[in-house]
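Summary of the model geometry
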Amino acid sequence: NAGVTQTPKFRILKIGQSMTLQCTQDMNHNYMYWYRQDPGMGLKLIYYSVGAGITDKGEVPNGYNVSRSTTEDFPLRLELAAPSQTSVYFCASSRPKNIQYFGAGTRLSVL
Amino acid sequence: AQSVTQPDIHITVSEGASLELRCNYSYGATPYLFWYVQSPGQGLQLLLKYFSGDTLVQGIKGFEAEFKRSQSSFNLRKPSVHWSDAAEYFCAVGLTRGGSQGNLIFGKGTKLSVKP
């Protein structure tokens, strides 16, 4: 019962570097999401996808890109990392009009 | 705009004591309401949800929550807290039944500490 799997769990980046946060789910969910969680701020939606080939911006999309080539995978790309992107990133998935299931998170520091 | 307010940033209770975590929402229509729990270093786990019907909902781990439309509240309760309940709790509002299509709005969370 893997559910939603995120890799890596931790990462330190230098300013200006780029990286991809991986997210995969084995529940055949159409809907997938990326959130960031900053201390004392709750979760903010970055991007979401309602199916393969379809993505849309959430509340805080600047500095990020996503793609959805398969149902299972929803990677999040950071280009030109900035200290403001230091956060914990959560991926989630769901069926249409159903509960969201979350991964364990990726803790990212940009120094 | 829709919003969720959790007025208490940090609460400390004694083990065995009762617990109530507050959540207020702002939304023009009937909301779909959720409580999630996040243990240190972990992802979010759904505790319970309210979609419609009985306003008192039961969840996992002995938690319950009551939807009060007149107060725009969805407070989480537990009659007797266990040390393992120490975690951060998030209230969320969904604009569709399951909060899909990217419209799950979270409160800022309440951190619960449990003292022996």
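This report concerns the structure included in the present document. (Residues numbered from 1 in each chain as written. Chains lettered and ligands numbered in written order. Predicted model: local features only at pLDDT ≥ 70, side-chain atom pairs only at ≥ 80, totals over all residues. Heavy atoms only, no water.)

**Thoughts on the interface of chain B and chain A**
- Counting residues at the interface gives 21 residues for chain B and 21 residues for chain A.
- Summed over both sides, the interface between chain B and chain A buries roughly 1,600 Å², with carbon and sulfur atoms accounting for 60% of that surface.
- The interface formed by chain B and chain A contains 0 salt bridges.
- Our count for the contact surface shared by chain B and chain A stands at 2 residue pairs in polar contact (both at pLDDT 80 or more).
- Per-class residue counts for the side of chain B that touches chain A are 8 nonpolar, 10 polar and 3 charged. (Contact = heavy atoms within 4.5 Å. Buried area = accessible area lost by both parts, 1.4 Å probe. Salt bridge = Lys/Arg side-chain N within 4 Å of Asp/Glu carboxyl O. Polar contact = N/O pair within 3.5 Å; in protein donor to acceptor, adjacent residues only side chain to side chain. Nonpolar A, V, L, I, M, F, W, Y, C, P; charged D, E, K, R; others polar.)

**Some words on the environment of B:Thr110**
All names here are of chain B.
- Summarising the element assignment, Thr110 is placed in strand E12 (residues 110-115).
- Taking C-alpha positions, Thr110 is 9.6 Å from Val37, a pair spaced 73 residues apart along the chain.
- Engagement of the side chain of Thr110 in a polar contact is seen with the side chain of Gln6, the distance being 3.4 Å.
- In this structure the side chain of Thr110 is engaged in a polar contact, spanning 2.6 Å, whose partner is the backbone oxygen of Asp8. (Helix = DSSP H or I, 4+ residues; strand = E, 2+ residues; numbered from the N terminus.)

**Comments concerning the pairing of strand E4 (residues 31-37) of chain A**
Residue and element names in this part refer to chain A.
- The buried fraction of E4 amounts to 7 of the 7 residues, a majority that puts the element mostly inside the structure.
- What you see with E4 is no split at all: Tyr31, Tyr33, Tyr35 and Gln37 on one side and Met32, Trp34 and Arg36 on the other are buried throughout.
- As paired strands, E4 and strand E9 (residues 87-94) are joined by 7 bridges and run antiparallel to one another. Directly across from Tyr31, in E9, lies its bridge partner Ser94.
- One ladder, built from 6 bridges, connects E4 with strand E5 (residues 43-51); its direction is antiparallel. Counterpart to Tyr35 in the pairing with E5 is Leu45.
- As consecutive antiparallel partners, E4 and E5 are separated by 5 residues, and within that stretch Gly40 has a phi angle of approximately 70°, a positive value. (Buried < 20%, exposed > 50% of the residue type's maximum accessible area, 1.4 Å probe, protein only. Pairing = 2+ DSSP bridges.)

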